[in-house]
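As a plain string of letters, each chain reads:
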Amino acid sequence: DQQVKQNSPSLSVQEGRISILNCDYTNSMFDYFLWYKKYPAEGPTFLISISSIKDKNEDGRFTVFLNKSAKHLSLHIVPSQPGDSAVYFCAASATGTASKLTFGTGTRLQVTL
Amino acid sequence: DAGVIQSPRHEVTEMGQEVTLRCKPISGHNSLFWYRQTMMRGLELLIYFNNNVPIDDSGMPEDRFSAKMPNASFSTLKIQPSEPRDSAVYFCASSGPTGAYSPLHFGNGTRLTVT
């Protein structure tokens, strides 16, 4: 049972435009959410996170939005750059098991020139 | 900081053989995780340790899989006997005692192919 779902396996966006990556979760106990970025032949690297007490967190070109009622979060990248081309994983954890992350299947983002 | 170090980077073995994957976490980190990445299931948590003690191994697929952490700077994931369906990329990650939500730091993975 996939508790964290990324329903879009891939996304292509033009350089300079906004990239929006989506993630849904089913476990209402999740209260902390993270996005990781992965380049080929490398491990995932932490990008940005958000606690359930917030609905938005921003870090430079990256913004994560959380809609708790819909159990949905999204990652916005503005403006998109070719170096953003990677696989993006959404992850979630619950209080008491904060270190135990449940990941989605990933979305491959390609930023074209 | 050298980051999380995994070895080997690639492993090709025949069905039935024993496979051992190795991991050296970041110095000072007290939690260590083994994940497996497949196309169908993404990143699955297999097992994690806190202060060298296994906390949750519910993700270990079956008895053929075992993991150890004999000290704070080394962990192994062993598959015996290996099967073709074990082919995947295996990641080790560690996190530090900086709070409940310390991000995971991943190694570059071991790509396992079982023929």
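Just so it is clear, the structure is predicted and the values come from calculations on it, not from any experiment. (Residues numbered from 1 in each chain as written. Chains lettered and ligands numbered in written order. Predicted model: local features only at pLDDT ≥ 70, side-chain atom pairs only at ≥ 80, totals over all residues. Heavy atoms only, no water.)

I keep staring at the packing of aromatic side chains and nothing clicks. Help me out?
In this description, a pair of aromatic rings is defined by centroid distance and the angle of the planes. Here the structure, examined in full by the defined rule, presents 11 aromatic pairs over all chains. Each ring, one from A:Phe103 and one from B:Phe106, has its centre 6.0 Å from the other, and the planes form 75 degrees; the classification is edge-to-face. With A:Phe103 in strand β10 (residues 102-103) and B:Phe106 in strand β10 (residues 105-106), the pair connects residues from two separate chains. Aromatic side chains B:Phe33 and B:Tyr48 sit 5.2 Å apart centroid to centroid with 20 degrees between the ring planes, which places their arrangement in the stacked category. Of this pair, B:Phe33 sits in strand β4 (residues 31-38) while B:Tyr48 sits in strand β5 (residues 42-50), placing them 15 residues apart in sequence. Judged on exposure class, the residue B:Phe33 and its partner B:Tyr48 are both buried. (Phe/Tyr/Trp six-rings, centres within 6.5 Å; stacked < 30°, edge-to-face > 60°. Helix = DSSP H or I, 4+ residues; strand = E, 2+ residues; numbered from the N terminus. Buried < 20%, exposed > 50% of the residue type's maximum accessible area, 1.4 Å probe, protein only.)

For this particular structure, what's the right way to read the state of the cysteines?
In a disulfide, the sulfur atoms of two cysteines are held together by a covalent bond. The tally for this structure, following the rule as stated, stands at two disulfides over all chains. Here A:Cys23 connects covalently by a disulfide to A:Cys90, the sulfurs 2.0 Å from one another. As the torsion about the S-S bond is roughly -75 degrees, the A:Cys23-A:Cys90 disulfide counts as left-handed. On the criterion of sequence distance, the pair formed by A:Cys23 in strand β3 (residues 19-25) and A:Cys90 in strand β9 (residues 86-94) is long-range, its members being 67 residues apart. Judged by its relative accessible area of 0%, A:Cys23 falls in the buried class. On the basis of relative accessibility, which here comes to 0%, the residue A:Cys90 falls in the buried class. Across a sulfur-sulfur distance of 1.9 Å, B:Cys23 and B:Cys92 are joined as a disulfide pair. Disulfide B:Cys23 to B:Cys92: torsion about the S-S bond roughly -65 degrees, handedness left-handed. (Disulfide = S-S within 2.5 Å.)

I tried to follow the pairing of β9(A) on my own but got confused; where do I start?
Each regular strand shows side chains that alternate between the opposite faces of the sheet. Residues and elements named next belong to chain A. Of all nine residues in β9, nine are buried; the element is thus mostly enclosed. Burial of β9 is two-sided: the residues Ala-86, Tyr-88, Cys-90, Ala-92 and Ala-94 facing one way and the residues Val-87, Phe-89, Ala-91 and Ser-93 facing the other way are all buried. Strand direction decides the pairing type here: strand β4 (residues 30-38) and β9, joined by eight bridges, are antiparallel. Of the residues in β9, the one forming a bridge with Lys-38 is Val-87. The pairing of β9 with strand β11 (residues 107-112) spans three bridges and is antiparallel. By the bridge assignment for β11, Ala-86 is matched with Leu-109. Strand direction decides the pairing type here: β9 and β10, joined by two bridges, are antiparallel. Residue pairing across strands places Ala-91 opposite Phe-103, the latter belonging to β10. (Pairing = 2+ DSSP bridges.)

Any chance you could explain the side chain of B:Ser75 here in plain terms?
Residue and element names in this part refer to chain B. Examined against the element boundaries, Ser-75 turns out to sit in strand β8 (residues 74-79). Reaching out from Ser-75, the side chain makes a polar contact with the backbone oxygen of Lys-68 at a distance of 2.8 Å. Every residue in contact with Ser-75, bar those within four places of it in the chain, is listed here: Leu-21, Arg-22, Cys-23, Leu-32, Trp-34, Phe-49, Lys-68 and Met-69. (Polar contact = N/O pair within 3.5 Å; in protein donor to acceptor, adjacent residues only side chain to side chain. Contact = heavy atoms within 4.5 Å.)

Mind showing me how you'd approach the interface of chain B and chain A here?
Interfaces are often sized by the amount of accessible area the parts lose when they come together. Taken together, the 22 residues of chain B in the interface contact 20 residues of chain A. Of the roughly 1700 Å² buried between chain B and chain A on both sides combined, carbon and sulfur atoms contribute 59%. Among the residues chain B hides against chain A, the three largest losses belong to B:Leu43, B:Tyr101 and B:Phe106. Together they make up 34% of the total. B:Asp56 is the salt-bridge partner of A:Lys100, the closest N and O atoms lying 2.5 Å from each other. Summed over the shared surface of chain B and chain A, the number is six residue pairs in polar contact (both at pLDDT 80 or more). Secondary-structure elements contributing two or more residues to the side of chain B that touches chain A are β4, β5 and β9 (88-95) of chain B. (Buried area = accessible area lost by both parts, 1.4 Å probe. Salt bridge = Lys/Arg side-chain N within 4 Å of Asp/Glu carboxyl O.)

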